[in-house]
Each structure stands twice: as structure tokens, then as C-alpha cells.
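Each chain, written out:
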Amino acid sequence: MNRINWDDINLQISQATGRPFEAQDISAQGGGCINQAYQIKDGTQAYFVKLNEAGLIDMFEAEYEGLEELRRPGAITVPRPICTGIQGRQSYIVLEALELSGGCDAALLGEQLARLHLTHTDRFGWHRDNTIGSTPQHNDWTPDWIDFFRQQRLEFQLRLARDQGIGSSVYDQGMKLSAVLNDFFTDYRPTASLLHGDLWSGNVSGDASGNPVIFDPAVYFGDPETDLAMTELFGGFGSRFFDAYHGIRPIDSGYETRRTLYNLYHILNHFNLFGGGYGQQAAGMINRLLAAR
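Residues numbered from 1 in each chain as written. Predicted model: local features only at pLDDT ≥ 70, side-chain atom pairs only at ≥ 80, totals over all residues. Heavy atoms only, no water.

Student: Looking at this model, I keep getting lost on the packing of helix H3 (residues 106-117) against helix H7 (residues 238-248). Mind explaining?
Tutor: Helix-helix packing: each pair is described by the crossing angle between the helix axes and the interaxial distance. In contact at an axis separation of 7 Å, H3 and H7 are set at 35° when each is read in the N-to-C sense. As for the relative orientation of H3 and H7, their crossing is right-handed in sense. On H7, the residues that touch Ala106, Ala107, Leu109, Gly110, Glu111, Leu113, Ala114, Arg115 and His117 of H3 are Arg240, Phe241, Ala244, Tyr245 and Ile248. Broken down by class, the residue content of the contact of H3 with H7 amounts to 9 nonpolar, 2 polar and 3 charged. (Axes fitted to C-alpha atoms, helices over the stretch in contact; angles between N-to-C directions. Helix = DSSP H or I, 4+ residues; strand = E, 2+ residues; numbered from the N terminus. Left-handed = near helix turned anticlockwise from the far one by under 90°. Contact = heavy atoms within 4.5 Å. Nonpolar A, V, L, I, M, F, W, Y, C, P; charged D, E, K, R; others polar.)

Student: Just to check I follow, could you spell out the pairing of strand S4 (residues 81-87) for this structure?
Tutor: Where a strand is regular, its side chains alternate between the two sheet faces. By the criterion of burial, S4 is predominantly enclosed, with 5 of the 7 residues buried. Pairing analysis gives 6 bridges linking S4 to strand S5 (residues 90-96), with the strands arranged antiparallel. Opposite cysteine 83, over in S5, you have valine 94 as the bridge partner. Linking S4 back to S5 in an antiparallel pair, the connection comprises 2 residues, with glycine 88 at a positive phi of about 65°. (Buried < 20%, exposed > 50% of the residue type's maximum accessible area, 1.4 Å probe, protein only. Pairing = 2+ DSSP bridges.)

Student: Got a minute to help me understand the layout of surface pockets in this structure?
Tutor: One simple way to see leftover space: roll a probe sized like a water molecule over the atoms. Considering only enclosed or pocket space, the second largest pocket measures out at about 180 Å³ in volume. Counted by class, the lining of the second largest pocket contains 4 nonpolar, 4 polar and 5 charged residues. (1 Å grid on protein atoms, 1.4 Å probe; cavity = no way out; pocket = protein on both sides within 12 Å on 5 of 7 lines; lining within 4 Å. Points joined across faces, edges and corners; volume = space filled by probe spheres on them.)

Here it is in C-alpha cells:
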């Protein structure tokens, strides 16, 4: 990363908030796998700033809109986005800096996520594309969930994986799975619900009181089970989370099989981003799903 001109960002924050801001304390923070991140303070206000290449400004603009979308129902705490922009060769997004404690109340998370998922629309997708990690995620509005998931999730990642060298047999088996997706939805018709879209444990924390906070979204309207599945992919929140969720929004009995289907999307994406053993993991998931039909 090139040296950042904080004066420009100070000015953008001041204009966005309507109050003067000049960073006095700048400290590096964890920014995930793809961004640099800083917390900046002026003695009164604090903000969280993520930086990446200037050409990735669309990623930050989509994150800004996604956070606003998640904030709108008031179901769960989400950082307020302040502004985005380009400074030199870098793009950035500025968010309010919440005091995070790490852990959160798992039952309250389940309850609040279920309430978020009660926000519905009549089609699947979103008004703009965004990213899952740094991979493009297409969100063209589609009336049918199976068509949406087949074309804009599973087959898109399979084609990327083929180009990344996952092997023709895995690709062919994946496309065979794509052709029979209807078999997993014989008695289940998903609603188009507002989703976080990338809800693994690393994108969830608690505030100073332990109340849930979610961030780093990949927002769209889709099957709520995709969010539930992602919570279980790299860890999880336990039975209290699921019991609380189920108490507000009952979980269909076919979820345990579709969980593997939905997490296949993320494992393929991890192969496309990082390579390694994710390819073998994806192959095993595809074979299990074909056998479970």
C-alpha cells in the first residue's frame, strides 16, 4: 500500500458528518484477508478505516450500501458507514468505530438474525453486484431461487474454479449437481429475505455489553438458510443460537442437507481465492450432495 494522505480522509469525514474531524491517533488494526485497516481518533470521535487499491472502490461502495441495507430494519447492530472515496492510489471506506468485546450473546444473535430475515422482497438478488471476499458476486434480480442460486452462485464459482485448475472431473460433477438442484427443494420454497451474505464467526462480534454486532457483509435477498449454513462453516454459535432463531423463524427439516449445498458456494470461493485443500473439500461436498438426492 502507498502512503495515505489522512488530511483528505479527515476532510471527507468532516463533510459527511457535519462536524470537524482531524485524526490525532492512528493505529493499525486487523482488516481481514484483503484490506489494510486503521482506527483513527481525534480525542472525541473514533472511526474505522479500510484501505485497498483504487480500482476496488466499487467493493467499498457496495459495502457502504450493504451496511445501510442491514441497518434499515433495526433488527441487529451494524456499524454505520460514514463515507467512501479514493485517495491517491487507494480506495477507502470509513465506518463508525464500535467498541467490540469479541463474544456476544448467542441466543440474542439467533433472535436478531431471525428478525433480520423477516425483511422480505418479492425477488431474489439485490439492486447492485458486490463481492464475496474479493470475488465478484452477481445479484441480478431473479424471480426463482433455484435459478438464482444455480446461475449466480454455484455455476459462477464452478467456472472460476475450472479456470483456477480445480480439475475437469470436479467441474463436471459440480455441473451435474447444478442440473438437479430442484431435488433439494421438493417441499421447501424459500422466501427472499434480507441476508448478511458472509456470516461466518469472524464477521460477528459483541459490543461492550455483549450485544451482537455484524459487519463485512455481502448483502442480497435470498434463502435465509444460506446465512445459517455459513455460521456453521468455520465454527458456529451452538444450540442456543439455533433454538432462539427457530423460536422466531422455524427452520425447515431439509436444512441439514441444503447446508452442505450452500456452504459449497463458499468453499469453492475459498478455492478460487486461496487454492490448496479447498478443492478437495469442494469435491467431497459435491459427491455427498449427489449421493443424498
